[in-house]
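Spelled out from the first residue to the last, the chains are:
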Amino acid sequence: MNREEIMKILPHREDMLLLDEVEERDGTAIGHYHVRGDEFFLRGHFPGNPIVPGVILCEILAQTACVLMQDVMSEGKLPVYTGLNNVKFRAPVKPGDTIETRCQIKRAKHPFYFAEGKVTVADKLCVSAEFSFAIQGE
């Protein structure tokens, strides 16, 4: 699905919609985001040596995982982080890189969802994490 289709599931908009495309394959969400270099989070992180902040990479993972919950993500519902565990940063992500995310929901007890995922660039592992959400709203 493209950005327009993603926006039908996620409440995020510019500048915080951080997926260019995503697809679901056998219970795994696979997302892509191309780091252009002009993103707000690169302006001061770090001058002369821009690196995508780890918290942004974790947000991209969360947005990818939310696509797997599209049947419970109706209008007015918000997915909010409830936890991040075993987060490991292995390699930096820089402008020009195309991020690939892979996420799976490991268990769910609505409104709580528990997931794991990883971020890679050109098949090199950059981040791995376990995380959880609560779906808030009506």
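Residues numbered from 1 in each chain as written. Predicted model: local features only at pLDDT ≥ 70, side-chain atom pairs only at ≥ 80, totals over all residues. Heavy atoms only, no water.

## Remarks on the state of the cysteines
Disulfides are covalent bonds that link the sulfur atoms of two cysteine residues. Rules: In what follows, a disulfide is any cysteine sulfur pair within 2.5 Å. Each residue's exposure class comes from its accessible area (1.4 Å probe, protein chains only) as a fraction of the maximum for that residue type: buried when under 20%, exposed when over 50%, partly exposed otherwise.
Considering all chains together, one arrives at zero disulfides under this definition. Just so you know, C58 is unpaired, no disulfide at all, and the nearest cysteine sulfur is the one on C103, 10 Å from it. Residue class for C58 comes out buried when judged on its relative accessible area of 4%. Cysteine C126 is unpaired, with the sulfur of C58 as its nearest cysteine sulfur at 12 Å. A relative accessible area of 2% means that C126 is categorised as buried.

## Some words on the pattern of salt bridges
The following threshold applies: Put simply, a salt bridge is a Lys or Arg side-chain nitrogen that is within 4 Å of an Asp or Glu carboxyl oxygen.
Applying the stated rule across the entire model yields seven salt bridges. Residues D38 and R36 are paired through a salt bridge, measuring 2.9 Å at the closest nitrogen-oxygen approach. In this structure, E100 engages R102 in a salt bridge whose closest nitrogen and oxygen atoms are separated by 3.2 Å. Connected through shared salt-bridge partners, R3, E14 and D20 make up one network.

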